[in-house]
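Observations on the three-dimensional arrangement
Residue strings, one per chain:
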There are 2 protein chains.
Amino acid sequence: MTDSSDKKYPVPTIRRLPSYLRVIKALDFEGREFVSATDIANELGIDSIKVRKDLAYTEATGKPRVGYRITELMHGIRSIIGWDRNSEAILVGAGCLGSALLGFPGFSKRGLNFVAAFDADREKYGTYVHECEIKPIEELEKFITERLIEIAVLTVPSFAAQQVTDRLVNAGIKGIWNFSPVRLKVPPSVVVQSENLMSGLAVFMVRMARGAE
Amino acid sequence: MTDSSDKKYPVPTIRRLPSYLRVIKALDFEGREFVSATDIANELGIDSIKVRKDLAYTEATGKPRVGYRITELMHGIRSIIGWDRNSEAILVGAGCLGSALLGFPGFSKRGLNFVAAFDADREKYGTYVHECEIKPIEELEKFITERLIEIAVLTVPSFAAQQVTDRLVNAGIKGIWNFSPVRLKVPPSVVVQSENLMSGLAVFMVRMARGAE
DNA sequence: TAGATTGTTAATCGATTAACAATC
DNA sequence: TAGATTGTTAATCGATTAACAATC
């Protein structure tokens, strides 16, 4: 049993950890050795008590008057959010968004490595998008079972989402990062994490209508 | 004063409204006239009481035993999240992600129309990405002031984000939809809505480590 | 030492969930 | 009518914020 399997981290805390990591990585780069919760809070414009409580979930311990050792804190955060481990992932649906994700260097830096992409468009077969080969969707199951892939990033059109999901699950995929605006039906053993860009747009438009606070 | 300027909608509610709209649009397409909160809740796998309370924020009123008139509900939701109005927007940073956003048909369907994109790469000038012309970043201020653009979508690299933001604000931009992982400093009158993909990845990885619930 | 910062417990706030009368 | 569904008030739950002793 790993550290993260028995502890329960609040989702809002998890969502904030990457921004903390970004801040302290920059400080580390500048040669700083320690950082306080106040430092991070000021940099991000949030409350320092919240930061302190979030950091208490990590293995890192702080010293009064000094703060947290940056190397220790980086390790503690990366350990929780799994960015100290490498995973192989496939991407399904190499359209505009899918191609953009393939080319985003942030994923491999954080341990998520795309080893192949699949698409239904025959004209794309054999081409490479940011060093990742586009394979025929027909080879999906074969690739997953042979390479024991557990993670799939789903960027197919809405109408194909559930059907592709069924194939992914059947082939043994354990987690789907879903970028299509569809609720995917999967067995309870499969994790689905959905990103909905339109929620963000809705919040943005409401805030614009209200005017700045 | 419009409807949305004096009412205060909870952010979680706003984030759910687009998914409700998607569900009832599909029902409308099938020819259905009424929908109940339970129908929507079942389709999305969430609690029906939550849906009912969210819908109470709209102008639509339901009839016991019948539900809400779909046309009325669509209008009510669109009105809150501003998808019944058209806005002109510019995109700054026509890289992978920026180009993907330019090509996404979902935005113009929801009233957000990209009228130009700007980039620092001279080789892109004059080219079109999904019917949107890429212009030199030097023309940014001129374009904003002449066309009275209020909305900018920011997809530039992190190191350029704040500098571009300052230029946008100076030129009169009222809202920035920010896709760079940077906290932007803006005057209080300017709305900044930030999307952080890495938060989603973090939550996904933690849930994977825990195994499915 | 003095005082800033941690770690933790308590209070507040807001969202979700439960309950139920009103109603079509 | 009977009963499903709305609209709304109350209870619960969880996250944020406040408070404060411990400590380096």
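Provided above is the structure to which this section pertains.
I will try to describe carefully the structure that is included in this document. As the structure is a prediction and not an experimental result, all values here were calculated from the model.

A few words now on the overall build of chain A. For chain A, the count of helices and strands is 10 helices and nine strands. In terms of overall dimensions, chain A has C-alpha extents of about 60 × 45 × 35 Å along its principal axes. By the burial criterion, 49% of the 213 residues in chain A qualify as buried. Relative to all contacts within chain A whose residues are 6 or more apart in sequence, the contacts with residues 24 or more apart total 55%. By element, 52% of the accessible surface of chain A is carried by carbon and sulfur atoms, the whole surface being about 10,600 Å². Charged side chains in chain A number 28 positive and 26 negative. The centres of these two groups are separated by 6 Å.

All names here are of chain B. Helix α9 (residues 158–171) packs onto helix α8 (residues 140–147) with a crossing angle of 30° between their chain directions and a minimal axis gap of 9 Å. Overall, the two elements α8 and α9 adopt an arrangement that is roughly parallel. Like other packed secondary-structure pairs, α8 and α9 cross with a definite hand, here right-handed. Along the contact surface, α8 presents Leu 140, Glu 141, Ile 144 and Thr 145, while α9 presents Arg 167, Leu 168 and Ala 171.

In this section: the sheet that holds strand β6 (residues 132–136) of chain B. All names here are of chain B. Read across the sheet, seven strands follow the order β5-β6-β4-β3-β7-β8-β9 without closing on themselves; strand pairing throughout is mixed. The outermost strands of the open sheet, each flanked by one partner alone, are β5 (128–129) and β9 (191–194). Against the sheet, α9 touches β3 (87–92), β7 (151–154) and β8 (175–178), its axis set at about 170° to β7.

The next subject is the environment of Gly 103 of chain B. When you line up the elements, Gly 103 of chain B lands in the loop between α6 (96–102) and α7 (105–109). Separated by 85 residues in the primary sequence, Gly 103 of chain B and Pro 18 of chain B have C-alpha atoms spaced 20 Å apart.

Scanning the entire structure with this criterion turns up 14 aromatic pairs over all chains. Ring geometry for Phe 104 of chain A and Phe 107 of chain A: centres 5.1 Å apart, planes at 75°, overall edge-to-face. Classification of Phe 104 of chain A by relative accessible area gives partly exposed; the value is 37%. For the pair Phe 118 of chain A and Phe 143 of chain A, a centre-to-centre distance of 5.6 Å together with 70° between the ring planes defines the contact as edge-to-face. On the criterion of sequence distance, the pair formed by Phe 118 of chain A in strand β4 (residues 112–119) and Phe 143 of chain A in helix α8 (residues 140–147) is long-range, its members being 25 residues apart. Using a relative accessible area of 0% as the deciding quantity, one classes Phe 118 of chain A as buried. Through a chain of ring-to-ring contacts, three or more aromatic side chains come together here, namely Phe 104, Phe 107, Phe 114, Trp 177 and Phe 179 of chain A together with Phe 204 of chain B.

Our focus in this paragraph is the relation of the copies chain B and chain A. Overlaying chain B with chain A gives an RMSD of 0.0 Å, the required rotation being 180° about an axis along which the chain moves by 0.0 Å. Considering both components of the superposition, the chain copies are consistent with a two-fold axis. Within chain B, Ala 100 of chain B has its C-alpha nearest the rotation axis, a separation of 3.2 Å. Mapped onto chain A, 100% of the interface residues of chain B again fall at the interface, so both copies present the same surface.

Our focus in this paragraph is the interface of chain B and chain A. The partner chain A presents 62 residues to the 62 residues of chain B that form the contact. Taking both sides of the interface into account, the surface hidden between chain B and chain A amounts to around 5,300 Å²; carbon and sulfur atoms contribute 70%. Looking only at chain B, the three residues that lose the most surface to chain A are Met 198, Phe 204 and Arg 210 of chain B, adding up to 12% of its buried area. Our count for the contact surface shared by chain B and chain A stands at zero salt bridges. Counting across the chain B and chain A interface gives 12 residue pairs in polar contact (both at pLDDT 80 or more).

Another aspect to go through is the environment of Leu 197 of chain B. Here Leu 197 of chain B shows up in helix α10 (residues 197–210). Residue class for Leu 197 of chain B comes out partly exposed when judged on its relative accessible area of 29%. Excluding its chain neighbours within four sequence positions, the residues that come into contact with Leu 197 of chain B are Leu 101, Phe 107, Trp 177 and Phe 179 of chain A.

Each value, and the rule that gives it
- Every chain is numbered independently, its residues counted from 1 as its sequence is written.
- Chains and ligands are labelled by the order in which they are written, letters from A for the one and numbers from 1 for the other.
- Given that this is a predicted model, residues contribute local features only at a pLDDT of at least 70 and side-chain atom pairs are listed and counted only at 80 or more, while totals for whole chains, interfaces and linings are drawn from all residues.
- Side-chain descriptors were evaluated using all non-hydrogen atoms of the structure, hydrogens and water having been removed beforehand.
- Secondary structure follows DSSP: runs of H or I at least 4 residues long count as helices, runs of E at least 2 residues long count as strands, and numbering of each begins at the N terminus.
- Buried means the residue's accessible area, taken with a 1.4 Å probe over protein chains only, is under 20% of the maximum for its type, while exposed means over 50%, and partly exposed covers the values in between.
- The criterion used for residue contact is that any of the two residues' heavy atoms lie within 4.5 Å.
- All accessibility values rest on the Shrake-Rupley procedure with a 1.4 Å probe; residue burial counts only the protein chains present in the view.
- By the counting rule applied here, Lys and Arg register as positive and Asp and Glu as negative, while His and the ends of each chain are not counted.
- In plain terms, the charge of a residue is placed at NZ if it is Lys, CZ if Arg, CG if Asp and CD if Glu.
- All axes are obtained by fitting lines to C-alpha atoms, using only the stretch in contact for helices, and the reported angles, taken between N-to-C directions, cover 0 to 180 degrees.
- Relative orientations are named as follows: roughly parallel for angles under 35 degrees, roughly antiparallel for angles over 145 degrees, roughly perpendicular for angles from 65 to 115 degrees, and oblique for any other angle.
- A crossing counts as left-handed when the near helix is turned anticlockwise from the far one by less than a right angle, and as right-handed when that turn is clockwise.
- Strand pairing is assigned whenever DSSP identifies at least 2 bridges connecting the two strands.
- Classification of ring pairs rests on two measures: the distance between centres of Phe, Tyr or Trp rings, Trp counted by its six-membered ring, which must be within 6.5 Å, and the angle between planes, read as stacked under 30 degrees, edge-to-face over 60 and tilted in between.
- Fitting of the copies onto one another was done by least squares over C-alpha atoms, counting residues only where both copies have pLDDT of at least 70.
- Two parts placed together each lose some accessible area under a 1.4 Å probe, and the buried area is that loss summed for both.
- The term salt bridge refers to a pairing of a side-chain nitrogen on Lys or Arg with a carboxyl oxygen on Asp or Glu at a separation within 4 Å.
- The definition of a polar contact used here is a pair of N or O atoms within 3.5 Å, where within protein one atom must be able to donate a hydrogen and the other to accept one, and adjacent residues in sequence count solely through side-chain atom pairs.

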